Amino acid sequence: NQTETATWISEHDPLPVIACDDTTRDAAGFDPRSAYVETYWLAVLGPSSIVAVRRLSDWLEDQASGIEIALGDLAHSLGLGHGTSRSSPIVRTLDRLIMFGMARIEWDTYALGRTIPQLTPRQQRRLPGYLAERHDDDLLIMAAETPLRS
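In this report, we go over the structure that sits alongside the text. (Residues numbered from 1 in each chain as written. Predicted model: local features only at pLDDT ≥ 70, side-chain atom pairs only at ≥ 80, totals over all residues. Heavy atoms only, no water.)

### What to know about the pairing of strand E3 (residues 103-106)
When E3 meets strand E4 (residues 109-113), the two strands line up antiparallel, connected through four bridges. Within E4, the residue paired with glutamate 106 across the bridge is threonine 109. Between E3 and E4, which pair antiparallel and follow one another directly, the connecting turn spans two residues, one of which, tryptophan 107, has a positive phi of 60 degrees. (Pairing = 2+ DSSP bridges. Helix = DSSP H or I, 4+ residues; strand = E, 2+ residues; numbered from the N terminus.)

### Focus: the pattern of salt bridges
Applying the stated criterion across every chain yields a total of seven salt bridges. For arginine 33, the salt bridge is made with aspartate 58, and the minimal N-O distance between the two is 2.5 Å. Taken as a pair, arginine 33 in the loop between helix H2 (23-28) and helix H3 (35-45) and aspartate 58 in helix H4 (residues 47-62) lie far apart in primary sequence, 25 residues in all. In this structure aspartate 58 comes out as partly exposed when scored by relative accessible area, which is 34%. Measuring nitrogen to oxygen at the nearest pair gives 2.8 Å for the salt bridge that ties arginine 134 to aspartate 138. Highlighted residues: arginine 134 and aspartate 138, both in helix H8 (residues 129-145), separated by four residues, approximately one helical turn. The class for arginine 134 is partly exposed, based on a relative accessible area of 38%. For aspartate 138, a relative accessible area of 16% corresponds to the buried category. Within the structure, one salt-bridge network assembled from shared partners comprises Asp31, Arg33, Asp58 and Glu61. (Salt bridge = Lys/Arg side-chain N within 4 Å of Asp/Glu carboxyl O. Buried < 20%, exposed > 50% of the residue type's maximum accessible area, 1.4 Å probe, protein only.)

### Description of the environment of isoleucine 67
Examined against the element boundaries, isoleucine 67 turns out to sit in strand E2 (residues 67-69). Placed eleven residues apart in sequence, isoleucine 67 and leucine 78 show a C-alpha to C-alpha distance of 17 Å. Leaving out residues up to four positions away in the same chain, isoleucine 67 has contacts with Leu15, Pro16, Val17, Leu56, Trp59 and Leu60. (Contact = heavy atoms within 4.5 Å.)

### Here we look at the sheet that holds E4
With mixed pairing, four strands are arranged side by side in an open sheet as E2-E1-E4-E3. Only two strands of the sheet have a single partner each, and these edge strands are E2 and E3. Along the sheet, successive strands turn relative to each other by an average axial angle of 35 degrees, direction set aside. Here four bridges tie strand E1 (residues 15-20) to E4, and the two strands are oriented parallel to one another. Residue cysteine 20 lies in a different strand from E4, and its bridge partner there is glycine 113. The strands that H4 touches are E1, E2 and E4; relative to E4, the one it contacts most, it runs at about 100 degrees. (Axes fitted to C-alpha atoms, helices over the stretch in contact; angles between N-to-C directions.)

See below:
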């Protein structure tokens, strides 16, 4: 439930964040900082979610054991103000990542996936026309050219 996850996020400040592994998705997924994510997921998730997933991925790459981040500091660093209430932009952004399966609440932490999956066919159909038309061709090219970060 979106309201429950938003409440959980807003009540966990500082927010404990860990990287979670999903071997099925990780093998076929894209690095959050890849051209695929920027080109295609941006239209689905929006800019604040893309910047958040990239920033958190960078920090988790440097701190494999996980991080704790003050929600207000994270919000401010992403240009989302300072608010941390359940309806604040930062909480909505982090909740959106959960809604789309990029993160989950695992035990008492915000667990962020290491990779971003390919768009579903439904998501592809909802892209702007020019992106939907070139998705499959770009996917083949990007998959061959963009190695995953380990």
